[in-house]
Amino acid sequence: MADLLVRLLARLYPSIIIREERTGGGDEIKALARRINPYIDLSGQATIEAVIGAARPRWKSTRTVFAGCKGWTAKLSTNDPQGCGTSKNPFGAGLAACLAAADIFRHVFLPRTEPVGEFKIGVPHAREWANDNGDVEGYVGSLVLAGAGAIGNAAAWALSRTGVEGSIEIVDHESVDLGNLQRYVLAERDDEKRPKAPFVAGGFNGKLSASPHACTLAEFLEEKRHRVENLLLALDSAKDRCAAQASLPRRIANAWTQPGDLGVSSHDFLEGACVNCLYLPDGEQKNEDQIIAESFGVPDRLMEVRTLLYNRGGAPRDLLAAIAKARDLPFTKLLPFEGRPLRVLYTEGFCGGAVIPLDEPGTPANDVHVPLAHQSAMAGVLLAAVGVRMGMTGFADSVITQYDVLKPQKRFLVYPAAKHSRERCICQDADYREVYRRKYR
Ligand SMILES: [Zn+2]
């Protein structure tokens, strides 16, 4: 819990104080914080505090959140210390770290949110397949983690700390960049430019053997001849999720973050909702070029934006000037993007925060929403739990789990997901269903 909590906090807060009373390990945790942010200030007095474990600290700060865990369950309180169990289960501890980070975040940035009080929250459905002692052990067969981004990092953090046996293949074609460090829990400052798949696979050294695939998911699925037993989706686009579902893996778990909440779903292709059911548009959707032109503030130059995106053309100076004018930005902020592909201006400048500060509410539109570190981490921890469940039981039903980190929510919202009502999803198509049946007869 201390490990994940520091991995979350050291990326956001410029100054954190780490104290340990009884258990030791404080120096290790301090070294980790410095590797994440070499400029972090680890000295001084704490004003807001997270306390892990049963002991009440001797020092006093203005506001304290107490975090504990037992097996699959996280415990949080703003009143009294919470103990930690002795199992080797990373899920309750991981959840507790995310919840403590969320509580601190709300206290600092959303001070009007009500305090958490005291509550316990467990991984949904865990009791059905867990060992009595709370340890996570057993054979999970083969897992594929698609995406080694923010959610994938946290999923790997949890999976690599279980005692399960089997294999995991990690698929991602990108490399870690500076914009990722704000929310990739495994990434440290020196990991910039490392390819994501081998970087994440390097964290596994237990019984779950990991192998990296630095290629696109489409290339990986083709190489596997579209035969995948348990696919864990940690992707950030609906398009990629739908493509993954269309390749008909046997079982899918899917995780996401969106403005307002995070969620994880598992899917039974024949009986319940498939992944595509969740992402079928209800009406006409905007094209990508339209979304980008609008977030640049130049919808009148749609055709030019479209052509530049299609040709991977460089951003011309007059277009940058128009964007600066429309969005009321200093032109000098946009100039570094001159001649670089227009998409780079969108992903780095607008989504990554280089041009548009991430604290401007409402603009750009939700499509360029950047999740909080603890939000992605919680989605990843839950995704790992669903993946272990699928691998261990050979069973996946269509169930959705949701949580909102901006509120002191004391329960997960868990509900079954039915197929799309309009009967136009691939899981309602006779040909797809027949191919799926033959594949896994
Ligand atoms: Zn469907």
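Refer to the structure above for everything that follows.
Quick caveat, the model's predicted, so the values are computed rather than measured.

A. Spatial organisation of the pattern of salt bridges. Within this structure, the stated rule accounts for 23 salt bridges. With a closest N to O distance of 3.1 Å, Arg 189 and Glu 192 form a salt bridge. The exposure class of Arg 189 is partly exposed, given its relative accessible area of 29%. A relative accessible area of 26% means that Glu 192 is categorised as partly exposed. Residues Arg 389 and Asp 397 are paired through a salt bridge, measuring 3.4 Å at the closest nitrogen-oxygen approach. The exposure class of Arg 389 is buried, given its relative accessible area of 7%. Several salt bridges share partner residues, and in doing so they unite Asp 3, Arg 7 and Arg 161 into one network.

B. Quick look at the pairing of strand β1 (residues 48–52). Across the two faces of β1 the burial differs, with Glu 49 and Val 51 buried and Ile 48, Ala 50 and Ile 52 not buried at all. Pairing between β1 and strand β2 (residues 63–70): five bridges, direction parallel. Within the sheet, the bridge partner assigned to Ile 52 lies in β2 and is Ala 67.

C. Spatial organisation of the packing of helix α1 (residues 2–9) against helix α2 (residues 26–36). For the pair α1 and α2, the least separation of the axes is 9 Å and the interaxial angle reads 30 degrees. By the angle between their axes, α1 is roughly parallel relative to α2. The element α1 and its partner α2 pack so that their crossing is right-handed. Side by side, α1 and α2 meet where Ala 2, Asp 3, Val 6 and Arg 7 of the first sit next to Ile 29, Leu 32, Ala 33 and Ile 36 of the second. A class-by-class count of the residues in the contact of α1 with α2 yields six nonpolar, no polar and two charged.

D. Representation of the coordination of the zinc ion in the model. Of the protein atoms, only Cys 274 (SG), Cys 277 (SG), Cys 425 (SG) and Cys 427 (SG) coordinate the zinc ion, at distances of 2.2 to 2.3 Å. Between the four donor atoms coordinating the zinc ion, the angles at the centre fall across 99 to 126 degrees, so the site counts as tetrahedral. Here Cys 274 falls in the buried class, since its relative accessible area comes to 0%. Judged by relative accessible area, Cys 427 falls into the buried class, the value being 0%.

E. Fine view of the side chain of Thr 64. Positionally, Thr 64 belongs in strand β2. Owing to a relative accessible area of 15%, Thr 64 belongs among the buried residues under this scheme. Residues contacting Thr 64, with those up to four places away along its chain left out, are Glu 49, Val 51, Ser 77 and Thr 78.

F. Molecular detail of the pairing of strand β9 (residues 251–258). The buried fraction of β9 amounts to seven of the eight residues, a majority that puts the element mostly inside the structure. Pairing between strand β8 (residues 230–233) and β9: four bridges, direction parallel. When the sheet's bridge partners are listed, Leu 232 is paired in β9 with Ala 253. Sheet topology places β9 next to strand β10 (residues 261–267); seven bridges connect them, and they run antiparallel. Bridged to Asn 254 within β10 is Ser 265. Adjacent in sequence and paired antiparallel, β9 and β10 are bridged by two residues, among which Gly 260 carries a positive phi angle near 105 degrees.

How each quantity is defined
Residues numbered from 1 in each chain as written. Predicted model: local features only at pLDDT ≥ 70, side-chain atom pairs only at ≥ 80, totals over all residues. Heavy atoms only, no water. Salt bridge = Lys/Arg side-chain N within 4 Å of Asp/Glu carboxyl O. Buried < 20%, exposed > 50% of the residue type's maximum accessible area, 1.4 Å probe, protein only. Helix = DSSP H or I, 4+ residues; strand = E, 2+ residues; numbered from the N terminus. Pairing = 2+ DSSP bridges. Axes fitted to C-alpha atoms, helices over the stretch in contact; angles between N-to-C directions. Parallel < 35°, antiparallel > 145°, perpendicular 65-115°, else oblique. Left-handed = near helix turned anticlockwise from the far one by under 90°. Contact = heavy atoms within 4.5 Å. Nonpolar A, V, L, I, M, F, W, Y, C, P; charged D, E, K, R; others polar. Donors = N, O, S within 2.8 Å, 3.2 Å for Na, K, Ca; no water. Tetrahedral: all angles 85-135°; square planar, octahedral: opposite > 155°, others 65-115°.

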